[in-house]
Amino acid sequence: MASEASGLRVSLRPLRAWEIDSLAASIPETSAAQLANRWREQTMGYRELLAAVIGGEVVGTVSIGESERPPRSLHLFALEVASARRNQGIGAEIVRGVIEEARRRNLRRVYLEVRVDNPARRLYHRLGFRRVGPPFINAWWRYHADGTQERVEELSYRMVKRVR
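Note that this is a predicted model, so its numbers are computed, not measured. (Residues numbered from 1 in each chain as written. Predicted model: local features only at pLDDT ≥ 70, side-chain atom pairs only at ≥ 80, totals over all residues. Heavy atoms only, no water.)

## Focus: unusual backbone geometry
The test is simple: Starting at the N terminus, helices and strands are each numbered in turn, a helix being any DSSP run of H or I of at least four residues and a strand any DSSP run of E of at least two.
Residue Arg69 is joined to Pro70 through a cis peptide bond whose omega torsion reads 0 degrees. Summarising the element assignment, Pro70 is placed in the loop between β4 (57-67) and β5 (73-81). Even without being glycine, Ala78 reaches a positive phi, approximately 55 degrees. When you line up the elements, Ala78 lands in strand β5.

See below:
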């Protein structure tokens, strides 16, 4: 899958295991342990872990998963862009690529959860996502480089975009 609405040619493809360490080094908020856990979850069928690539360089990552709640939907989550490549439109291109993947799979919508104070909410809105329902507590596990983990709870919104 590829997207280039902003002039960037960003393609999404499955992340390769040997790319985890270098990708983690480029995203300060994410540890290699966090990405390795996502890799494990992928092998168990809980997500598809994708790499965002420009000219052979991995510049970010996103996870997707088909869902029946809401029906015939694609869940977009864990989107991250390398710190050196931020503010270049890459996040928007990743989202557009996920939307195109939902269309390719003949799904009806893409949804995501976003922390209520996350400035990315404006990006999602600009790309056609709309908030549905009240804020809720979104909980997930953060894996640290030292092997410890912590439960994170964030007040979040669910946003949905119809693609069909």
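## Comments concerning helix α2 (residues 32-43)
How we decide: Under the convention used throughout, the expected extent of a helix is 1.5 Å for every residue step, that is, one less than its residue count. Partly exposed residues are those whose accessible area sits between 20% and 50% of the maximum for their type, while under 20% is buried and over 50% is exposed, using a 1.4 Å probe and protein chains only. The arc under discussion is defined with respect to the helix axis, by the directions toward the C-beta atoms. The contact criterion used is simple: two residues touch if any of their non-hydrogen atoms lie within 4.5 Å.
A rise of 1.5 Å per residue sets the reference length of α2, with its 12 residues, at 16 Å; its end C-alpha atoms lie 16 Å apart and thus fit the reference within 8%. Those residues of α2 that sit buried are Gln34, Leu35, Asn37 and Arg38. What you see down the axis of α2 is that its buried residues fit within an arc of 155 degrees, all on one side. On its buried face, α2 sits against α1 (20-26), β3 (48-54), β4, β5 and β7 (130-143).

Worth remembering: the numbers are spatial, not functional.
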